[in-house]
Amino acid sequence: MVHPTAAVFTSNGSAGSEDDPDGLTEFALETLLSSPDGWRRFAREAAARWSASPPLAIVFALVNASAQIEAIFSAGSPARDAAQHGFRIAGLISADLYAMDTLGLPRARAVDLTAYWRAHDDYFLTL
C-alpha cells in the first residue's frame, strides 16, 4: 500500500505539467505564494491543468502546500495567510465532492469538478 508523503518544494520554474501529478503540490505552493490573491485562481487552474487527475489529488496538494508554508514561515508572516486560504479552499473543494457524491454525479477526475461548478456552483469559476 502506498502512503502519501509530503512533497519537498524545489522549484525549477515549471510548476509541474499536466502529466505530472506530483507537480500539483509545487503548483499549489507557487500559486498560493505568488500574490495575496493567488489562492483565488488555484482551484480552477488546477482542475483544468490536471483534468484527468483525481479531485482529491488537488485537495491533498493544497493541504500539503499549506502545511509546508506553515512549517517554513513564522507566525505573523504574510505567507501564513496563504496557508489559511489553501486550507479553506481544500475544505470547499471537499464539500463540493461531497455534494457531487450526494447528487450521484461523476467525481473521479478533476474535469468532473469543473462540470459540477458549471452546472451547480460557479464559486470557483468566478472567484
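Residues numbered from 1 in each chain as written. Predicted model: local features only at pLDDT ≥ 70, side-chain atom pairs only at ≥ 80, totals over all residues. Heavy atoms only, no water.

Draft legend 1. Layout of the side chain of aspartate 112. Tracing the backbone shows aspartate 112 in helix α5 (residues 110-119). One buried charged residue, aspartate 112, remains without a salt bridge, the closest side chain of opposite sign being arginine 109 at 4.1 Å. At 3.0 Å, the side chain of aspartate 112 and the backbone nitrogen of alanine 108 are in polar contact. Beyond its immediate stretch of four places on either side in the chain, aspartate 112 contacts Met100, Pro106 and Arg107. (Helix = DSSP H or I, 4+ residues; strand = E, 2+ residues; numbered from the N terminus. Buried < 20%, exposed > 50% of the residue type's maximum accessible area, 1.4 Å probe, protein only. Lys, Arg positive; Asp, Glu negative; His and termini not counted. Salt bridge = Lys/Arg side-chain N within 4 Å of Asp/Glu carboxyl O. Polar contact = N/O pair within 3.5 Å; in protein donor to acceptor, adjacent residues only side chain to side chain. Contact = heavy atoms within 4.5 Å.)

Draft legend 2. Structural view of helix α3 (residues 55-72). Between its terminal C-alpha atoms α3 stretches 26 Å, which fits the 26 Å expected from 18 residues at 1.5 Å a residue. All of the buried residues in α3 are Pro55, Ile58, Val59, Ala61, Leu62, Asn64, Ala65, Ser66, Gln68 and Ile69. Those residues of α3 hidden inside the fold are in contact with α1 (23-34), α2 (39-49), α4 (78-103) and α5. (Expected span 1.5 Å × (residues − 1).)

Draft legend 3. Looking closely at the environment of serine 35. Here serine 35 is to be found in the loop between α1 and α2. Taking the relative accessible area as the measure of exposure, serine 35 reaches 32% and is therefore partly exposed. Sequence separation of serine 35 and alanine 79 is 44 residues, and the distance between their C-alpha atoms is 9.3 Å.

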